[in-house]
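# Tertiary structure, described
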Amino acid sequence: MSRFFEPFENINESDGIINFSRDNANHLTVLRHSKGDIITVCDGAGIDYECEIQLISKNDAVVSILRRKKCESEPDFKITLFQALPKSDKMELIIQKSIELGVHKIIPVVTHNTVVRIKNNVNTKIQRYMKISETAAKQCNRGIIPNISSPVEFDTAIHMLAKKEASFVAYENAKLDSGINLMNIEADEIGIFIGPEGGFTAEEVEKCVLSKIKPVSLGKRILRTETAGIAALSTIVYSKEYRYALKKGDM
């Protein structure tokens, strides 16, 4: 079933209709939808509306609300990925796959070994990242469009990360047997910091430790930056959703 995100102001629950934005109306026609088709509209805050198309044209569309429900695919916890900016178009892959896995927010970070510096057209780059976020969110039935923030400096990142209920920095020299892992996190506000291609410096890791951010190993092998975030998120999301399902009796 096709999925669209519409802002609150376009959703009129009292009248039972949703007025589509011009872009979404155009997308309906591109997908060859017609009057009477059933689609899903999400408000971007975790609520899904099953709707029937009543009016459709290239620039306008109106759908009637059949039923309202909470988005079932949205995680019950929030993970923020602090990702050191990688080279080339790797960030786009990281955004896409992280959103598929359930990340709540992504914060690009400039570290000592970061090669890329977004100096010009920052807003244009973030707009592109947000478009990728929206497309990925539609594809995997997310209830929100995860936010991609403007890049921040390292010190700002660790200040933000330290405020999370549970915070970790992926570090190749962390001990696998240290007792710190991503499998048994009780907190629901989680932050994970992934370094750039050249890794974190010893001084950066020391700063993280001083801010109570726990170094954690992702295994015996050194992973590429675009792989590390995916590995960390996969571990956290699967283990937490598995335990949530056990508690709810869904397994």
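Residues numbered from 1 in each chain as written. Predicted model: local features only at pLDDT ≥ 70, side-chain atom pairs only at ≥ 80, totals over all residues. Heavy atoms only, no water.

Turning next to helix α1 (residues 22-30). Among all positions of α1, only Asn24, Ala25 and Leu28 are buried. Considered in projection along α1, the buried side chains sweep an arc of 105 degrees and stay on one side of the axis. For α1, the exposed residues lying more than 90 degrees away from the buried face are Arg22, Asp23 and Val30. Residues of α1 that are buried make contact with β1 (3-5), β4 (38-42), β5 (47-56), β6 (61-70) and α3 (122-139). Two residues or fewer past α1, Arg32 is found with a positive phi of approximately 65 degrees. (Buried < 20%, exposed > 50% of the residue type's maximum accessible area, 1.4 Å probe, protein only. Helix = DSSP H or I, 4+ residues; strand = E, 2+ residues; numbered from the N terminus. Arc of directions from axis to C-beta. Contact = heavy atoms within 4.5 Å.)

Let us now look at the packing of helix α2 (residues 90-101) against helix α6 (residues 225-248). As a packed pair, α2 and α6 sit with axes 9 Å apart at the nearest point and diverge in direction by 5 degrees. As far as their axial angle goes, α6 and α2 are roughly parallel. Taken together, the residues of α6 that come into contact with α2 (itself represented by Lys90, Leu93, Ile94, Lys97, Ser98 and Leu101) are Thr225, Glu226, Ile230, Leu233, Ser234 and Val237. Tallied by class, residues from the contact of α2 with α6 come to 6 nonpolar, 3 polar and 3 charged. (Axes fitted to C-alpha atoms, helices over the stretch in contact; angles between N-to-C directions. Parallel < 35°, antiparallel > 145°, perpendicular 65-115°, else oblique. Nonpolar A, V, L, I, M, F, W, Y, C, P; charged D, E, K, R; others polar.)

A word on the nonpolar core. The nonpolar side chains of soluble globular proteins are, as a tendency, buried together. Ile79, Leu81, Ile95, Phe168, Ile185 and Ile192 are the most contacted members of the largest nonpolar core, which totals 35 residues. The set of elements that each furnish at least two residues to this core consists of β7 (78-84), α2, β8 (105-110), α3, β11 (166-170), β12 (189-194) and α6. If near-sequence neighbours (up to four positions away) are discounted, Ile95 is found in contact with Ile106, Tyr129, Ile132, Ser133 and Ile148. Core analysis: the next-biggest nonpolar cluster, separate from the first, contains 16 residues, Ala157, Leu161, Ala174 and Ile213 among them. (Core = buried A, V, L, I, M, F, W, Y, C linked by side-chain atoms within 4.5 Å.)

Once that is clear, we can look at helix α5 (residues 202-210). For α5, the full list of buried residues reads Glu204, Val205 and Cys208. Projection of α5 onto a plane perpendicular to its axis shows the buried side chains occupying an angular sector of 100 degrees, all on one side. Among the exposed residues of α5, those pointing more than 90 degrees away from its buried face are Ala202, Glu203, Glu206 and Leu210. On its buried side, α5 packs onto α4 (154-161), β11, β12 and β13 (214-216). Just past α5, the residue Lys212 takes up positive phi, approximately 70 degrees.

It is worth spelling out the packing of aromatic side chains at this point. A complete count under the given rule lists 6 aromatic pairs for this structure. Judged by centre distance (5.4 Å) and plane angle (55 degrees), the rings of Phe4 and Phe20 are tilted. Placement of Phe4 in strand β1 and of Phe20 in the loop between β3 (17-19) and α1 is noted, with a sequence separation of 16 residues between them. The burial state of Phe4 is the same as that of Phe20; both residues are buried. Ring-pair connections join several aromatic residues into one group, and the members of that group are Phe82, Phe154, Phe193 and Phe200. One residue, Lys240, lies across the ring of Phe77, its end atom 5.5 Å from the ring centre. (Phe/Tyr/Trp six-rings, centres within 6.5 Å; stacked < 30°, edge-to-face > 60°. Lys NZ or Arg CZ within 6 Å of the ring centre and 35° of its normal.)

We now examine the environment of Thr80. Of note, Thr80 is situated in strand β7. For the pair Thr80 and Thr124, spaced 44 residues apart in sequence, the C-alpha separation works out to 22 Å. Look past the residues within four positions of Thr80 in its chain and what remains in contact with it is Lys105, Ile107, Lys164, Ile190, Gly191 and Ile192. There is a polar contact of 3.3 Å between the side chain of Thr80 and the side chain of Lys164. (Polar contact = N/O pair within 3.5 Å; in protein donor to acceptor, adjacent residues only side chain to side chain.)

Such coordinate-based values are descriptive only and should not be taken to indicate function.
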